[in-house]
Amino acid sequence: MVKDVIIVGAAGTGREVAEVIEDINSLGRKWNLLGFLDDDPQKHAREYNGYPVLGPISTAADYPTCYFVLVLGNHRDLRLTKRVVDRLSLDANRFATIIHPTTKLSRYTELGPGSIVLQNCVITTNTRIGSHVLVLFGSHIGHDCIVDDYVVIASNAVLAGGVCIREGCYIGANSTILQKVKVGPWSCVGMGAAVFCDVGPNSTVVGNPARLLRH
């Protein structure tokens, strides 16, 4: 059964997710992408790659049978996705889980509703990924990792075995996190950082080895 879906967020990553949906459909039509919702009025009534911006996020209620996927997470506002999920007040089963066909996903991995995994990622055995997690191109998540809700893992990041990423973190592109390291909630790991020790909550770490930049 083909299901209607709308992408919340019409910025660049949202358009990348639209292309992921096209790639999924090329193997057997699963999703009917209606378009985007976005609160930027300059995007309203525009089209991106053939898909219209249907209106602001508040109009989600006009689509009572549609699935949604949120593509909003960024390092400048870690809590944005959570705020929008709270605004929408939808049942968890109304959020689509989108996985690109080139991703290697272990059969023993759990992936929550609303999560997105882009091209050429590897997620290995007995890993648990929460809801509304965004995993960008080429990332590797090792065995027994725990990734909580609202986390963004940017392109080519590497999480070694047993890493624990708590709610709302942003893991920068090309960063590496040593096995069994814990990153506290609402923290940011900078681009290219090498993290060898636990990171406290609400912290930003950068560099190799990673050091505290700010709380």
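Residues numbered from 1 in each chain as written. Predicted model: local features only at pLDDT ≥ 70, side-chain atom pairs only at ≥ 80, totals over all residues. Heavy atoms only, no water.

Chemist: Honestly, helix α2 (residues 80-88) in this entry has me stumped. Any pointers?
Modeler: Given 3.6 residues to a turn, an α-helix orients residues that are three or four positions apart in the same direction. Regarding α2, the residues found buried are Thr81, Val84, Val85 and Leu88. Seen end-on, α2 carries its buried residues on one side only, within an arc spanning 105 degrees. On its buried side, α2 packs onto β1 (3-8) and β5 (67-70). After α2 finishes, the residue Ser89 shows a positive phi value of roughly 50 degrees. (Buried < 20%, exposed > 50% of the residue type's maximum accessible area, 1.4 Å probe, protein only. Helix = DSSP H or I, 4+ residues; strand = E, 2+ residues; numbered from the N terminus. Arc of directions from axis to C-beta. Contact = heavy atoms within 4.5 Å.)

Chemist: Sorry if this is basic, but what is going on with the sheet that holds strand β3 (residues 47-48) here?
Modeler: Within a sheet, neighbouring strands are paired by backbone hydrogen bonds and run either parallel or antiparallel to one another. Judged by pairing direction, the sheet is mixed, and its five strands sit side by side in the order β3-β4-β2-β1-β5 without closing on themselves. Of all strands in the sheet, those with a lone pairing partner are β3 and β5, marking the two edges. By the bridge criterion, six bridges tie β1 to strand β2 (residues 31-37) in an arrangement that is parallel. Directly across from Val8, in β2, lies its bridge partner Leu37. Helix-sheet contacts for helix α1 (residues 12-26) involve β1, β2, β3 and β4 (51-55), and the interaxial angle to β2 is about 170 degrees. (Pairing = 2+ DSSP bridges. Axes fitted to C-alpha atoms, helices over the stretch in contact; angles between N-to-C directions.)

Chemist: Would you mind showing me how to read unusual backbone geometry here?
Modeler: Between Asn208 and the following residue, Pro209, the backbone shows a cis peptide bond with an omega angle of -5 degrees. Within the fold, Pro209 resides in the loop between β23 (204-206) and β24 (211-214). The phi dihedral of Ser89 falls on the positive side, at around 50 degrees, and the residue is not glycine. Along the chain, Ser89 turns up in the loop between α2 and β6 (98-99). Positive phi, close to 65 degrees, is recorded for Asn174, a residue that is not glycine. Considering the arrangement of structural elements, one finds Asn174 in the loop between β18 (170-171) and β19 (176-177).

Chemist: Mind showing me how you'd approach the packing of aromatic side chains here?
Modeler: Any pair of aromatic rings gets described here by the distance separating the centres and the angle formed by the planes. In total, this model carries two aromatic pairs according to the counting rule given. Centre to centre, the rings of Trp31 and Tyr67 are 5.8 Å apart; their planes meet at 75 degrees, and the pair counts as edge-to-face. You can see Trp31 sitting in strand β2 and its partner Tyr67 sitting in strand β5, a full 36 residues away along the chain. Pairing Phe36 with Tyr48 gives two aromatic rings, centres 6.3 Å apart and planes at 90 degrees, and the pair type is edge-to-face. A residue pair is termed long-range when its members are at least 10 positions apart, and Phe36 in strand β2 and Tyr48 in strand β3 qualify at 12 residues. Tyr48 carries the same exposure label as Phe36, and that label is buried. In this structure, Arg79 is placed above the aromatic ring of Trp186, and the distance from its NZ or CZ to the ring centre is 4.2 Å. (Phe/Tyr/Trp six-rings, centres within 6.5 Å; stacked < 30°, edge-to-face > 60°. Lys NZ or Arg CZ within 6 Å of the ring centre and 35° of its normal.)

Chemist: For this particular structure, what's the right way to read the environment of Cys66?
Modeler: Its place among the elements puts Cys66 in the loop between β4 and β5. With 62 residues separating them in the primary sequence, Cys66 and Asp4 have C-alpha atoms 5.1 Å apart. The contact partners of Cys66, leaving out residues within four places of it in the chain, are Asp4, Val5, Ile6, Leu34 and Arg94.

Everything listed here is a matter of geometry and, on its own, says nothing about what the molecule does.
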